[in-house]
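Chain by chain, the residues run as shown.
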Amino acid sequence: LNRSYLLHNLSQHKTLREKMALFQKLRSTFIHHVERLTEPEKQAGRVRQELENLRKKGVVEGLWTQLLFLLDFWQKDESPGFEKTDMAIEKSVRVAMNLVDTAPVDSILDLGKFLWKERMTAK
């Protein structure tokens, strides 16, 4: 709906830095929203919490980058009804949701804890 307005504003700024300044408020609102979605569950252990914080930071920055990618894709899309942008959104959201899944990390940490306990009790 506001594509013409956005394209006009982006065309007024030549450098990436100037263009990024346009998105400062959007970035802070977006990051706040994503952080609320990815708040870690209360979990014991300093290492676990540090890993969770690192994962959370990666998710937040990755999703921000994804949003910028989609805005750039949409800006250049000349397909009827922006159908290519719709496909890019669908596919990139699917990838993002797969990357946000913490089950593999949880499994690795669970295995690590088990092996650590086994090693300590074996001595």
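Each value, and the rule that gives it
- Residues numbered from 1 in each chain as written.
- Predicted model: local features only at pLDDT ≥ 70, side-chain atom pairs only at ≥ 80, totals over all residues.
- Heavy atoms only, no water.
- Helix = DSSP H or I, 4+ residues; strand = E, 2+ residues; numbered from the N terminus.
- Buried < 20%, exposed > 50% of the residue type's maximum accessible area, 1.4 Å probe, protein only.
- Contact = heavy atoms within 4.5 Å.
- Areas by Shrake-Rupley, 256 points an atom, 1.4 Å probe, with all protein chains shown as cover.
- Expected span 1.5 Å × (residues − 1).
- Arc of directions from axis to C-beta.
- Phe/Tyr/Trp six-rings, centres within 6.5 Å; stacked < 30°, edge-to-face > 60°.
- Lys NZ or Arg CZ within 6 Å of the ring centre and 35° of its normal.

**With respect to the overall build of the protein**
Next, step 1: Looking only at helices and strands, the protein features six helices and zero strands.
Next, step 2: For the protein, the N- to C-terminal ordering of α and β elements is α-α-α-α-α-α.
Next, step 3: Within the protein, the proportion of its 123 residues that are buried is 20%.
Next, step 4: For the protein, the proportion of contacts with a sequence separation of at least 24, taken over those separated by at least 6, is 56%.
Next, step 5: Roughly 9,800 Å² of accessible area belongs to the protein as shown, and the carbon and sulfur atoms make up 61% of that amount.

**Some thoughts on the environment of K76**
Next, step 1: With respect to the helices and strands, the residue K76 is situated in helix α4 (residues 46–76).
Next, step 2: Exposure remark for K76: the relative accessible area of 58% places this residue in the exposed category.
Next, step 3: On a C-alpha basis, the gap between K76 and L7 in space is 9.7 Å, while along the polypeptide they are 69 residues apart.

**As for helix α3 (residues 24–37)**
Next, step 1: Taking 1.5 Å of rise per residue, 14 residues should cover 20 Å, and α3 covers 20 Å from first to last C-alpha, within 8% of that figure.
Next, step 2: For α3, the set of buried residues is F30, I31 and V34. The buried side chains of α3 occupy one side of the element, clustering within an arc of 100° when seen end-on. Relative to its buried face, α3 has exposed residues pointing more than 90 degrees away, namely K25 and R36.

**Side note on the packing of aromatic side chains**
Next, step 1: Going through the model one piece at a time under the given rule, you end up with three aromatic pairs.
Next, step 2: Here the aromatic rings of F69 and F73 are separated by 6.0 Å at their centres, their planes lie at 50°, and the arrangement is tilted. Remark: F73 and F69 occur in helix α4; sequence separation between them is four residues, near one turn of the helix.
Next, step 3: Here F73 falls in the partly exposed class, since its relative accessible area comes to 30%.
Next, step 4: Ring centres of W74 and F82 lie 6.5 Å apart, and the angle between their planes is 55°; this geometry places the pair in the tilted category.
Next, step 5: In this structure F82 comes out as partly exposed when scored by relative accessible area, which is 30%.
Next, step 6: Positioned above the aromatic ring of W74, the side-chain terminus of R3 is 5.5 Å from the ring centre.

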